[in-house]
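# Structural description and commentary
Now for the letters of each chain:
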Amino acid sequence: MHLRLASDVQRSAPVAQGGCGPDYANFFRDAVSRLHGERRYRVFADIERIAGRFPTALWRRADGSTREITVWCSNDYLGMGQHPEVVGAMTETAKRCGVGAGGTRNIAGNTSPLVDLERELADLHGKEAGLVFTSGYVSNQAGISTIAKLIPNCLILSDAFNHNSMIEGVRHSGCEKRIFRHNDLAHLEELLVEAGDRPKLIVFESVYSMDGDVAPIGKICDLADRYGAMTYLDEVHAVGLYGERGAGIAERDGVMHRVDVIEGTLAKGFGCVGGYITASAAICDAVRSFAPGFIFTTALPPAVAAAARASVRYLKRSKTEREAHQRQAARTKAALEAAGLPLLHTATHIVPVMVGDAELCKAAADHLLECHGIYIQPINYPTVPRGTERLRITPSPFHDAAQIARLTAALAETWDALGIPRAGTVFVEAAE
């Protein structure tokens, strides 16, 4: 089947003008053209963050002119990317150690700030060890695939709403997989029973970033204990934001010690860049030794590692940002719901405003930016299923009452201007 399709493409490929081979550029133009036709071509705004004025930023238009805007969709949830202690740690370390890491850790060795960061993360999650990667995507892809590969005859049980990085980790493992319906404990148990005594790895998230709902972590751990499975939990949209010390939902719910592997990011609640896993020393050593995504990738620079560690240490001791974050998220939800906007109810800081049409979603985002100086990136397929397109709003501790009021008025005007239905009821009640 695949060979026949490939040869068919070769026979029908357009020939480059003035040449004897295929017009390779046309393949890429056609691919992008299909995205335009499906109304899901992505446009990235040219935005420059302003240190000390988060969430205000500068938007540079195509003609080179600039305008101050308010960002309402940043994953720097607590504004830690501009915190003085974090910036200070980065600049001081860059002056002392330079900019780059010098290569992979396999070649250049560990840098002390990176070792210190891994110890800090292990302590955050109450695990024996931590291992830092260049991004949360890489930590999931490398972590899941390597752990599963090293377990003979492993069956992976994956939540249907898992992030693409987790899906790719499952795929790259080469292991057999089963998908359980989102947060459906009965379906998960059914699959565990079917699997019998073979080794099993359950992979799931704590906070699902598009719907803002939360996994029943403790109950999943109950099933894992009952049926002899390992657990791998993605906390990327929760670390820094939940729990007594910012370790995430598992800490908040008192079940962190029951999860075998906790994965997180340094790029959201902690405001820096990078990803990590925390687990037993044996698991982290095995991933360090076998994961191509770790072995063959240049390490995080020492200045970045120092900044991330400063952010983690600060949020371990400070609850102020977490409390303000939850307060402003609740105020934003209340204001938008009072205005009759179609919110997806969530138990978290994520505020999805449902549109349900790709073209209208992009038009709404463009209108908000051009007419109101408000930036919210449209969320379309394949990030969310077709028909559930939305604007995903992420209030921060720094969005004040006046900005919430302006956002509410701007969204109401946009909905009316574009004829988007304004419902006083939610589309879906997300699970808590």
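Here the structure is shown first, and the text comes after it.
An account of the accompanying structure is given in this report. Note that the structure is predicted; figures quoted are calculated from it, not measured. (Residues numbered from 1 in each chain as written. Predicted model: local features only at pLDDT ≥ 70, side-chain atom pairs only at ≥ 80, totals over all residues. Heavy atoms only, no water.)

### Observations concerning the overall build of the protein
Scanning the protein from terminus to terminus reveals 16 helices and 14 strands. A globule of 432 residues ought to have a C-alpha radius of gyration of about 22 Å, and the protein, at 23 Å, matches this closely. Burial statistics for the protein: of 432 residues in total, 52% are counted as buried. The long-range share in the protein, meaning contacts at least 24 apart out of those at least 6 apart in sequence, stands at 71%. (Helix = DSSP H or I, 4+ residues; strand = E, 2+ residues; numbered from the N terminus. Rg over C-alpha atoms; globule rule 2.2 N^0.38 Å. Buried < 20%, exposed > 50% of the residue type's maximum accessible area, 1.4 Å probe, protein only. Contact = heavy atoms within 4.5 Å.)

### A look at the sheet that holds strand β7 (residues 200-205)
A sheet is described by the order of its strands in space; here seven strands give the open sequence β4-β10-β9-β8-β7-β5-β6, paired in mixed fashion. Because the sheet does not close on itself, it has two edges, and the strands there are β4 (129-133) and β6 (176-180). Ignoring strand direction, the axes of neighbouring strands in this sheet form an average angle of 20°. Sheet topology note: the β7/strand β8 (residues 229-234) ladder contains six bridges and is parallel. (Pairing = 2+ DSSP bridges. Axes fitted to C-alpha atoms, helices over the stretch in contact; angles between N-to-C directions.)

### A look at the pairing of strand β11 (residues 351-354)
Burial along β11 is two-sided: Val351 and Val353 and Pro352 and Met354, pointing in opposite directions, are all buried. Two strands pair when backbone bridges link them, and β11 and strand β14 (residues 390-393) are joined in this way by four bridges, in the antiparallel orientation. Along β14, the bridge assignment pairs Met354 with Arg390.

### Comments concerning unusual backbone geometry
Cis geometry is found at the peptide bond from Phe54 to Pro55, where omega equals 10°. Relative to the elements of secondary structure, Pro55 occurs in the loop between β1 (47-49) and β2 (56-60). Of note, the bond from Tyr381 into Pro382 is cis; its omega dihedral lies within 30 degrees of zero at 10°. You can see Pro382 is positioned in the loop between β13 (378-379) and β14. The residue Asn153 is not glycine, and still its phi comes out positive at about 60°. With respect to the helices, strands and loops of the structure, Asn153 is situated in the loop between α6 (136-149) and β5 (155-159). Positive phi values are uncommon outside glycine, yet Asn183 reaches one of about 55°. Position of Asn183 relative to the elements: it lies in the loop between β6 and α8 (185-195). Overall, Asn183 belongs to the buried group, its relative accessible area being 15%.

### Comments concerning the nonpolar core
Counting 55 residues, the largest nonpolar core has Ile202, Ile217 and Leu266 as its most contacted members. Those elements that place two or more of their residues in this core are α5 (112-125), β5, α8, β7, α9 (217-227), β8, α10 (249-252) and α13 (302-317). The biggest single contributor to this core is α13, with seven residues. Non-local contacts of Ile217, meaning those with residues more than four positions away in its chain, are made with Phe204, Ser206, Leu233, Ile249, Ala250, Val255 and Val259. Grouped together as the second largest cluster of nonpolar side chains are 29 residues, Val355, Ala365, Leu368 and Leu369 included. (Core = buried A, V, L, I, M, F, W, Y, C linked by side-chain atoms within 4.5 Å.)

### Thoughts on the layout of surface pockets
Roughly 270 Å³ of internal volume is contained in the second largest pocket. In terms of lining, the second largest pocket is formed by 17 residues, of which the most central are Val43, Ala45, Trp59, Asp366 and Leu369. For the lining of the second largest pocket, the elements supplying multiple residues, two or more each, are β2 and α15 (358-372). Per element, the largest residue contribution to the lining of the second largest pocket is five residues, and it comes from α15. Considered class by class, the residues forming the lining of the second largest pocket number 10 nonpolar, one polar and six charged. (1 Å grid on protein atoms, 1.4 Å probe; cavity = no way out; pocket = protein on both sides within 12 Å on 5 of 7 lines; lining within 4 Å. Points joined across faces, edges and corners; volume = space filled by probe spheres on them. Nonpolar A, V, L, I, M, F, W, Y, C, P; charged D, E, K, R; others polar.)

### Concerning a nonpolar patch on the surface
On the surface, Tyr24, Phe27 and Phe28 cluster together to form a nonpolar patch covering roughly 360 Å² of accessible area. Among the structural elements, Tyr24 can be located in helix α2 (residues 24-37). On the accessibility criterion, Tyr24 (54% relative accessible area) is exposed. (Patch = residues over 30% accessible without salt bridge, like charges linked within 9 Å, V, L, I, M, F, W, Y side chains within 5 Å. Areas by Shrake-Rupley, 256 points an atom, 1.4 Å probe, with all protein chains shown as cover. Salt bridge = Lys/Arg side-chain N within 4 Å of Asp/Glu carboxyl O.)

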